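# Tertiary structure, described
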Amino acid sequence: MMTRLARILSDRSTRESVAARVEDYERRYGGESRGGRDERRTDYRNFENTYYDLVTDFFEYGWGQSFHFAPRAANETFAASLARHEHYIAHRLGLAPGMTAVDLGCGVGGPLIEIARFSGARIVGVNNNAMQLERAARRSEAAGLGHLVEWLKSDFMQVDAPDGCFDAAYSIEATCCAPDRAGVYGEVFRLLKPGGRFAAYEYCLTDRFDFDDPEHRRLRADIEHGGALPDIVRPHVVNDALRNVGFELLEARDLAVEAPPGVPWYQPLVGSGLSFARLRSSAAGRRVTHGSLWLLERLGIVPRGTTQVSSLLNLCAAALAEAGRLGIFTPMYFVHARKPD
Ligand SMILES: C[S@@+](CC[C@H](N)C(=O)[O-])C[C@H]1O[C@@H](n2cnc3c(N)ncnc32)[C@H](O)[C@@H]1O
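Residues numbered from 1 in each chain as written. Predicted model: local features only at pLDDT ≥ 70, side-chain atom pairs only at ≥ 80, totals over all residues.

The next subject is the overall build of the chain. Looking only at helices and strands, the chain has 14 helices and 9 strands in total. Structurally, the chain occupies a C-alpha span of about 60 × 50 × 45 Å along its principal axes. For the chain, the proportion of its 341 residues judged to be buried stands at 46%. (Helix = DSSP H or I, 4+ residues; strand = E, 2+ residues; numbered from the N terminus. Buried ≥ 20, exposed ≤ 12 C-beta atoms within 10 Å, placed from the backbone.)

What follows is the structure, encoded as structure tokens:
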């Protein structure tokens, strides 16, 4: 399995710049102060783009084309749980043929392609990362969905599209990358037609998060640093920001808490005893990948800096798994809001 990641990494057009870029990322955002929230906010375009240029190959290798978590029932496959989480958002928005929606922070297009196929709605994927969009466009063409799908390279804080041009909008684990929630939600509000609806899965701290607990604060800082997140907030910040820009809040709840007994959302990061199905993303699988990359980097087969990127992702994965186990963080705070008529 390592051969595939090594091939992907060594084919990269940015091969020469991996070491310089990961060092730049670490110097600016990963130091003692971890860059500080202010720097991550003001410099968010560079912060996000540097990170996603570096990690996209790893995400695709370890997780697939949908870069998000999902509640998972016992006996449900990982792939089925991701698709169900995507279908749920489409279902709550009532996406159907004849509607046009926007996906903010669409990644490499895994969820968008699935949702377009599932709903028959036309969907515009917005992303600020050119490399991810090129991959997304190749996939939608290969899937024969060119007529339903469009890709737009744009910052979701200032989308290059006219007011009121969408029937619906959604975002899956992406508006958490925004430098401020009111800014991105205000932009969604502008883009929607009156009566249009927005739904999102947000990263949030839960009520169990204790700002006085140094271990909780460390886990939050590791997730922000290793996941390129300017600031992980409490649910009330999300709710207030949606209301303050003019939305009527229809639903707001943590799907991780409501999930039926099954496999916790963070389980793929931990690994489960006898299962080899999610080995790549598990702690053991990540150790194997990391060790192999260390060797391949020394042999000059993968670009210099690759092992440092792997360390960054392992920092994030370990913190996510521990924060999930402690119940202090959720990647699936679900919000559903409506722009008044
Ligand atoms: C965790 S990924 C989720 C991707 C996708 N929604 C999915 O579930 O597969 C976050 C995405 O947000 C994008 N993103 C971050 N900041 C952005 C911005 N300011 N404008 C547009 N896209 C952004 C990143 O490039 C990345 O694709």
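Near the ligand, the surroundings consist of 22 residues, among which Phe-67, Gly-105, Gly-107, Ala-174 and Cys-177 are the closest. Its residues assigned to classes, the shell around the ligand comprises 10 nonpolar, 9 polar and 3 charged. (Near = placed C-beta within 6 Å. Nonpolar A, V, L, I, M, F, W, Y, C, P; charged D, E, K, R; others polar.)

Bringing the nonpolar core into the picture now. Counting residues in hydrophobic clusters, the biggest one holds 88 residues, and the most contacted among them are Ala-101, Ile-123, Ala-169, Tyr-170, Val-188, Phe-198 and Ile-223. Among the domains, domain 1 (2-63 + 279-325) and domain 2 (72-209 + 229-260 + 329-338) are the pair contributing at least three residues each to this core. Contacts of Ala-169, omitting those with residues within four sequence positions, involve Ala-101, Val-102, Leu-104, Val-188, Leu-191, Leu-192 and Phe-198. (Core = buried A, V, L, I, M, F, W, Y, C linked by C-beta atoms within 7 Å. Domains from an automatic or database assignment. Contact = placed C-beta atoms within 7 Å.)

Let us now look at the domain arrangement of the chain. Along its sequence, the chain is organised into domain 1 (2-63 + 279-325) and domain 2 (72-209 + 229-260 + 329-338). Listed as interface residues are 13 residues of domain 1 and, on the opposing side, 12 residues of domain 2. The set of elements that each furnish at least two residues to the side of domain 1 that touches domain 2 consists of helix 3 (36-42), helix 4 (44-62) and helix 14 (306-326). Per-element tally for the side of domain 1 that touches domain 2: the top contributor is helix 4, with 8 residues. For the side of domain 1 that touches domain 2, the per-class residue count stands at 3 nonpolar, 3 polar and 7 charged.

The strand order across the open sheet formed by 7 strands is 4-3-2-5-6-9-7, and the pairing between neighbours is mixed. Every interior strand has two partners, whereas the edge strands, strand 4 (149-153) and strand 7 (248-254), have only one. Sheet twist, expressed as the mean angle between neighbouring strand axes with direction ignored, is 15°. The pairing of strand 7 with strand 9 (residues 329-338) spans 6 bridges and is antiparallel. Within the sheet, the bridge partner assigned to Ala-252 lies in strand 9 and is Val-335. The strands that helix 8 (residues 181-191) touches are strand 2 (100-104), strand 5 (166-172) and strand 6 (192-205); relative to strand 6, the one it contacts most, it runs at about 155°. (Pairing = 2+ DSSP bridges. Axes fitted to C-alpha atoms, helices over the stretch in contact; angles between N-to-C directions.)

What follows deals with the pairing of strand 2. With 4 of its 5 residues buried, strand 2 lies for the most part within the structure. With 5 bridges joining them, strand 2 and strand 3 (residues 122-127) adopt parallel strand pairing. Residue Leu-104 lies in a different strand from strand 3, and its bridge partner there is Val-126. Following the backbone out of strand 2, through helix 6 (residues 110-119) and into the adjacent parallel strand 3, one traces a crossover that is right-handed. Pairing of strand 2 with strand 5 involves 3 bridges; the strand directions are parallel. For Val-102, the partnering residue across the bridge sits in strand 5 and is Ala-169. (Right-handed = clockwise from strand over helix to strand, strands pointing away.)

Time to look at the pairing of strand 5. Burial of strand 5 is extensive: 7 of the 7 residues sit out of reach of the surface. With helix 8 bridging strand 5 and the parallel strand 6, this β-α-β connection has right-handed handedness.

In the contact formed by helix 8 and helix 10 (residues 235-244), the axes pass within 9 Å of each other and the chain directions differ by 40°. Relative to helix 10, helix 8 is oriented oblique. The two elements helix 8 and helix 10 meet at a crossing, and its hand is right-handed. On helix 10, the residues touching Arg-181, Ala-182 and Tyr-185 of helix 8 are Val-237, Val-238, Ala-241, Leu-242 and Asn-244. Within the contact of helix 8 with helix 10, the residues separate by chemical class into 6 nonpolar, 1 polar and 1 charged. (Parallel < 35°, antiparallel > 145°, perpendicular 65-115°, else oblique. Left-handed = near helix turned anticlockwise from the far one by under 90°.)

One non-glycine residue, Asn-75, lies in positive phi territory at about 70°. Residue position: Asn-75 is located in the loop between strand 1 (72-73) and helix 5 (78-93). Residue Asn-75 is classed as exposed on the basis of its 8 C-beta neighbours within 10 Å. A positive phi angle, near 50°, is found at Glu-173, a position not held by glycine. Along the chain, Glu-173 turns up in the loop between strand 5 and helix 8.

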